[in-house]
Amino acid sequence: MKDVYITRISKFMPNEPVDNEQMEEKLGVINGQVSKARRIVLRNNKIKKRYYAIDENGNVTHNNAQLAAEAIALLCDGSFSKNDIELLSCGTSSPDQILPSHASMVHGFLKNGNIEINSPSGACCSGMNALKYGYLSVMTGQVKNAACAGSERTSSWMKAEVFANEVDHLKELEDSPILAFNKEFLRWMLSDGAGAVLLENEPKGETPLKIEWMDGYSYANEMETCMYAGADKEPDGHLTPWSEFPAEEWGKKSLFAMKQDTRLLGDNILVKGVDSLKQTYQKHDIGPDDVDYYLPHISSYYFKQGLYDEMKKQGVEMPWEKWFLNLEDIGNIGAASIYVMLDELVESGRLKKGDKILLHVPESARFSYMYAYLTVC
């Protein structure tokens, strides 16, 4: 088995940052009424800036695959070109279409020769699954290098027109139609962008990071769906997919909008997250003392103190000085968040040889968690 190193990291954030007062202007006002939920959600998540692939006139500037292709292109230079990439592995929770696959579309924009591609599906963990596929491929000698990426372009899923048909339908039923909170909640959480890493079997570059191991855990066997798109959730927790609804119902129910069951989220995301964290600690015989930098992907600062308290409750408290977060200035970029966070840690100049980094990525879709343990070389 080969050792695997992250030798290059990049990020691509589209356009200028969007502050809290510009959000609704960019995404559009639903039913002509300023959102009452927006300030509540923003007060809790404490996000101040995010990025949208939308220009000042409301026109789309990049699709998801283009964002990922831009980030991957930034990995390349005169000594390593896009034609040197042997494997392309790209994860996202907001693909531009159902088919072809996301990585196939990214490859189409890169136009970098005939190579293997991989498109893990899912939500935030899809970016980590993309990384793990590349990691295993390099480790087993299938390839010498792999470009792995996480990207999201959720702004187009959150624009007002996505909900227009549902609101019009609600107007026929009641005088003051209000969009369900589980549909509006994510409008004020998510950001567009992409991050990428180059994996190689030699420790090249200024700050190579050795991947010691990667683990994943799913609780779908015991938990119902929490975040979803392309479906409607029944009272018993069952998901009815869009394909089982007549076409005229798709807009009336905003079936293709991302939705979040906030009740399930608050009750379970931290408990299961720390439970899986303990499992990965036990599996590799490490603990908080063996971590110098802890990078947790949290969707909202609302969960920051709760995560710390839950770790303390379960006996695996992580000291605050080891935490590294950038949510306030970047927003929640889903599958791309951990890539962008790692890029900013490396760029900060804080790292020194021998430092240990723990990546912790939760996915609320049906409660999955991914981990990676890195050593600075």
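Attention in this report is confined to the structure presented alongside it. Only a predicted model underlies this, so the values are computations on that prediction, with no experimental measurement involved.

Calculation notes
Residues numbered from 1 in each chain as written. Predicted model: local features only at pLDDT ≥ 70, side-chain atom pairs only at ≥ 80, totals over all residues. Heavy atoms only, no water. Helix = DSSP H or I, 4+ residues; strand = E, 2+ residues; numbered from the N terminus. Polar contact = N/O pair within 3.5 Å; in protein donor to acceptor, adjacent residues only side chain to side chain. Contact = heavy atoms within 4.5 Å. Salt bridge = Lys/Arg side-chain N within 4 Å of Asp/Glu carboxyl O. Buried < 20%, exposed > 50% of the residue type's maximum accessible area, 1.4 Å probe, protein only. Phe/Tyr/Trp six-rings, centres within 6.5 Å; stacked < 30°, edge-to-face > 60°. Pairing = 2+ DSSP bridges. Axes fitted to C-alpha atoms, helices over the stretch in contact; angles between N-to-C directions.

1. Notes on the side chain of Asp 343
- Assignment of secondary structure puts Asp 343 in helix α13 (residues 337-347).
- At 3.0 Å, the side chain of Asp 343 and the side chain of Lys 11 are in polar contact.
- Discounting chain neighbours no more than four positions away, the residues touching Asp 343 are Ile 9, Ser 10 and Lys 11.

2. Topic: unusual backbone geometry
- Note the cis peptide between Leu 99 and Pro 100, where omega equals 0°.
- Inspection of the secondary structure puts Pro 100 in the loop between β4 (87-91) and α4 (102-110).
- Its identity is not glycine, yet Lys 111 carries a phi of approximately 50°, on the positive side.
- Even without a glycine there, the phi angle at Asp 285 is positive, about 55°.
- Topologically, Asp 285 is positioned in the loop between α10 (262-284) and β13 (293-296).

3. Digging into the pattern of salt bridges
- Overall, the coordinates contain 18 salt bridges when judged by the stated rule.
- Glu 200 is paired through a salt bridge with Lys 204; the nearest N and O atoms lie 3.2 Å apart.
- Note on Lys 204: relative accessible area 39%, which makes it partly exposed.
- A salt bridge links Lys 352 to Asp 355, with the nearest nitrogen and oxygen atoms 3.0 Å apart.

4. Some thoughts on the packing of aromatic side chains
- Tallied over the full model, the rule gives 10 aromatic pairs.
- Measuring from centroid to centroid gives 5.7 Å for Trp 250 and Phe 256, while their planes differ by 85°, and the two rings are edge-to-face.
- Note on Trp 250: relative accessible area 30%, which makes it partly exposed.
- Phe 256 gets classed as partly exposed once you look at its relative accessible area, which sits at 36%.
- Between Tyr 294 and Trp 323 the ring centres are 5.1 Å apart and the planes differ by 85°, which places this aromatic pair in the edge-to-face class.

5. Comments concerning the sheet that holds strand β8 (residues 209-218)
- Strand order in the open sheet made by the 9 strands is β5-β4-β6-β7-β1-β8-β15-β14-β13, with mixed pairing throughout. Of all the strands in the sheet, just β5 (116-118) and β13 have a single pairing partner and so form its edges. Averaged over all adjacent pairs, the angle separating strand axes in this sheet is 20°, with direction ignored.
- In terms of strand pairing, strand β1 (residues 5-12) meets strand β7 (residues 193-200) through 7 bridges, oriented antiparallel. Across the sheet, residue Arg 8 finds its bridge partner in β7, namely Leu 198.
- Along the sheet face, helix α5 (residues 125-139) touches β4, β5, β6 (145-152), β7, β8, β14 (356-363) and β15 (368-376) and points at about 160° away from the line of β4.

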